[in-house]
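# Observations on chain architecture
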Amino acid sequence: THDPKRRVLKDVFGFDDFRPGQASVMEALLAGRHVLAVMPTGAGKSLCYQVPALVKGGLTIVVSPLVALMQDQVAALRLAGVAADTINSSIDRDANVAAWRRVASGQTRLLYLAPERLMTERMLDALARLDVRLIAIDEAHCISQWGPAFRREYEDLAQLRGIFPDVPIIAVTATADETTRADIETRLFGGRVETQVLGFDRPNIKLAIEPKQDSKRQLLNFIERHQGRSGIVYCLSRKKTEEMAAFLEKNGVTALAYHAGMSKEARDANQNAFMTLSGVVMVATIAFGMGIDKPDVAYVFHTDLPGSLEAYYQEIGRAGRDGRAAEAHMLYGLGDIRMRRMFIEDEDAAAEHKRRSHVRLDTLIGYCETAECRRQVLLGYFGEEATPCGNCDNCLEQAPRADGTAEARLILAA
Ligand code: ADP
Ligand code: MG
Ligand code: ZN
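Residues numbered from 1 in each chain as written. Chains lettered and ligands numbered in written order. Predicted model: local features only at pLDDT ≥ 70, side-chain atom pairs only at ≥ 80, totals over all residues.

If you look the protein up in an unreviewed UniProt entry, it shows as DNA helicase RecQ from Mesorhizobium caraganae. Its UniProt record gives the protein the following Sequence similarities (unreviewed entry) comment, quoted word for word: "Belongs to the helicase family. RecQ subfamily." (UniProt positions renumbered as here; feature names shortened; annotations may be inferred.)

## Describing the overall build of the protein
Tallying secondary structure elements over the protein gives 19 helices and 13 strands in all. Per-residue burial for the protein yields a buried fraction of 36% across its 414 residues. In the protein, of all internal contacts separated by at least 6 residues, the share reaching a separation of at least 24 is 72%. (Helix = DSSP H or I, 4+ residues; strand = E, 2+ residues; numbered from the N terminus. Buried ≥ 20, exposed ≤ 12 C-beta atoms within 10 Å, placed from the backbone. Contact = placed C-beta atoms within 7 Å.)

## Comments concerning the sheet that holds strand β2 (residues 59-63)
Within the open sheet, the seven strands sit side by side as β3-β4-β2-β5-β6-β1-β7. Their pairing is parallel. Of all the strands in the sheet, the pair left with one neighbour each is β3 (84-86) and β7 (194-197). Recorded for the sheet is a direction-independent mean angle of 20° between the axes of neighbouring strands. Of the strand pairs in this sheet, strand β5 (residues 132-137) and strand β6 (residues 169-173) are connected by three bridges, and their pairing is parallel. Paired with Ile 137 across the two strands is Ala 171, which belongs to β6. (Pairing = 2+ DSSP bridges. Axes fitted to C-alpha atoms, helices over the stretch in contact; angles between N-to-C directions.)

## Overview of the site of ligand 1
As a structural note, the neighbourhood of ligand 1 is formed by 13 residues, with Phe 15, Thr 41, Gly 44, Lys 45 and Ser 46 the closest of them. The biggest single contributor to the shell around ligand 1 is helix α3 (residues 45-56), with three residues. Split into classes, the residues belonging to the shell around ligand 1 amount to five nonpolar, five polar and three charged. (Near = placed C-beta within 6 Å. Nonpolar A, V, L, I, M, F, W, Y, C, P; charged D, E, K, R; others polar.)

## Quick notes on the confidence of the model for the protein
Counting all residues, the mean pLDDT for the protein is 91, and 94% of those residues have values of 70 or more. As scored by the predictor, the complex reaches a pTM of 0.62 and an ipTM of 0.97. (pLDDT = per-residue confidence, 0-100.)

## So, the nonpolar core
Counting residues in hydrophobic clusters, the biggest one holds 55 residues, and the most contacted among them are Ala 37, Ile 61, Ile 137, Ile 170 and Ala 171. Ranked by the residues each element gives to this core, the list is headed by α3, at six residues. Beyond its immediate chain neighbours, meaning those up to four positions away, Ala 37 contacts Val 25, Lys 45, Cys 48, Ile 170, Val 172 and Gln 196. By size, the runner-up hydrophobic cluster in this structure holds 45 residues, among which are Ile 232, Ala 245, Leu 248 and Leu 378. (Core = buried A, V, L, I, M, F, W, Y, C linked by C-beta atoms within 7 Å.)

## Here's the deal with the packing of helix α1 (residues 4-11) against α3
With their axes 9 Å apart at the nearest point, α1 and α3 run at an angle of 110° to one another. Regarding the angle of α1 to α3, the classification is roughly perpendicular. For α1 against α3, the interelement crossing comes out right-handed. Listed contacts from α3 to Pro 4, Lys 5, Val 8 and Leu 9 of α1 are Val 51, Pro 52, Leu 54 and Val 55. A breakdown of the residues in the contact of α1 with α3 according to their chemical character gives seven nonpolar, no polar and one charged. (Parallel < 35°, antiparallel > 145°, perpendicular 65-115°, else oblique. Left-handed = near helix turned anticlockwise from the far one by under 90°.)

Structure representation (structure tokens):
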């Protein structure tokens, strides 16, 4: 192949094809433009800068917030035969000195640094004398004050575009809400950036929302349609996860609870059972799910309103990873909205923060109450355009009815 990035993909990383979005991000970088890439977790954001780093040659600086993440990436790159280094506080002085020698002598292709380490005058001076050709900022949402993961040290990264005016900068994140994105665009790039938002659609997950009436019954009815399949049920409170799990058990469903108030042993045992057996229903608070990669989860059922549209998206994304038909089903009631509003008001936070939390909640309510295609609304929020999906309750209800009697009965009963 004559495409140098494809050659690196194959020869260095051993992959035959790009994942959705990767190639166009790389092309923009290789053409010298700044890029903000918003892609879901697991989409392959690292390769978006690692491949261009090797195509360009010279030195690429990678900023990452956690030492553990840096070390994982450096180890993985070295396994692939790439000269990668990190200089950080968790390794001893000699190792840091040796790493710097490799960087200074031009051997190192990718240098991983924490932001506070990079943004010292000494480091910047030293790097300015080297052949820096690309700068990558991982977990870029950490720069946003309004995001949940703000890090003071990320703020200084705003100076990078001034210090290295000829070097393209790529920022990557999985956090896609509009405020955070706009914040990254202004702070890191002064607005001069090509933003690419990609790959959020999960077309095999059917989206549906049902008015909340009798949660227990509604849940049981739903689960009976998925007998023998694994599923996740999210509840707002710890107590409710236990009540729901007990109710399901009483009705012949294998259900386990999971929440942060349980002992670590009990949590691990339940998680293990869910992961290794099939047909277990996990009734959990949001404490459950981070890093859970079970391909055959048939559904995610929300008995209560989630915290935000991002949270909802992440939570339902645990269904249908095997690509088979899966469902995201939510119960939605006015009481939930009141509860969420109260949570926000009771939070010990600045007025501006609360205002933004209310806006986020309104966005979620808008999704719940829309009569349009839900997937269109959901993807639209993440900046993706879509046509009506045919796989959400609103799309399916608009399909011609075989028989109007159910509807007629409702109208007459009113
Ligand atoms: P992210 O940072 O977006 O969450 P990673 O960069 O950690 O994702 O990549 C997730 C996984 O996907 C890694 O194991 C990586 O090797 C793999 N991956 C990335 N790109 C490709 C590709 N083009 N083909 C196959 N696997 C890929
Ligand atoms: Mg990543
Ligand atoms: Zn739809």
